[in-house]
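# Coordinates in review
Below, each chain spelled out in residue letters.
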Amino acid sequence: MERIDKHNYYLDICETISERGTCLRRNFAAIIVKNDEIMSTGYSGAPRGRKNCCDLGVCRREELKVPRGTRYELCRSVHAEQNAIISSRRSDMLGATLYLVGKEVSSGELVENASPCSLCKRFIINAGIEKIIIRDDKIQYKIVFVQEWIENDDSIQGDGGY
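Residues numbered from 1 in each chain as written. Predicted model: local features only at pLDDT ≥ 70, side-chain atom pairs only at ≥ 80, totals over all residues. Heavy atoms only, no water.

Another point: the packing of aromatic side chains. Summed over the entire model, instances satisfying the criterion amount to two aromatic pairs. Ring geometry for Y9 versus Y10: centroids 4.9 Å apart, planes at 65°, classification edge-to-face. Take Y10: its relative accessible area is 4%, and that puts it in the buried class. Taking the centre distance of 5.1 Å and the plane angle of 40° together, the rings of Y10 and Y99 count as tilted. Separated by 89 residues along the polypeptide, Y10 in helix α1 (residues 6–17) and Y99 in strand β3 (residues 97–104) bring together distant segments of the chain. Here Y10 matches Y99 in class, with each residue buried. Every member of this aromatic cluster is reached through a ring pair, and the members are Y9, Y10 and Y99. (Phe/Tyr/Trp six-rings, centres within 6.5 Å; stacked < 30°, edge-to-face > 60°. Buried < 20%, exposed > 50% of the residue type's maximum accessible area, 1.4 Å probe, protein only. Helix = DSSP H or I, 4+ residues; strand = E, 2+ residues; numbered from the N terminus.)

Under the feature "active site" (unreviewed entry), the UniProt entry names E81. In this structure, E81 sits in helix α4 (residues 80–86). Taking relative accessible area as the criterion, E81 reaches 0% and is therefore assigned buried. (UniProt positions renumbered as here; feature names shortened; annotations may be inferred.)

Within helix α6 (residues 118–127), the full set of buried residues consists of S118, C120, K121, I124 and A127. On its buried face, α6 sits against α4, α5 (90–93), β3, β4 (131–135) and α7 (146–151). One or two steps after α6, the chain reaches G128, where phi turns positive at roughly 90°. (Contact = heavy atoms within 4.5 Å.)

Strand order across the open sheet formed by five strands is β2-β1-β3-β4-β5, with mixed pairing between neighbours. Sheet topology places β2 (37–43) and β5 (141–145) at the edges, where each strand pairs with a single neighbour. Ignoring which end each strand starts from, the neighbouring axes of this sheet average 20° apart. In this structure, β4 lies alongside β5, joined through five bridges in antiparallel fashion. Residue pairing for β5: R135 is matched across the bridge by Y141. (Pairing = 2+ DSSP bridges. Axes fitted to C-alpha atoms, helices over the stretch in contact; angles between N-to-C directions.)

Put into structure tokens, the structure is as follows:
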């Protein structure tokens, strides 16, 4: 019997957590792991106490046909990465790994070229997270080192995001 590797283990958990997401476009989940222990999790959804898009039955960005990666101020949701970060102590995030999985609501497929948005990148940098592991398909993933974002300051702008 072949055991699943650790990265896919955490990405599988992340994929399950994404099923709690409430977005009508894309649901993401994030897990912060340090020393092989889950520090916190997060998924995309409206702030506590506010109605979710899935409850309202409408996505403002979808209604306006807003392209992916733009006009986040129109979105009701707090992103998965942000929810995981605000649920964790900074000392637990220093040098940690953030796992990220996104799924298209319409098809159930993994989000192509998934990446944290520019705002989430800033949260990740300030949290002290060391690397991001993003699921590309059921087995493949990409590893992004946060230090590269810091060194290439312009890479914080204009990515795919949600």
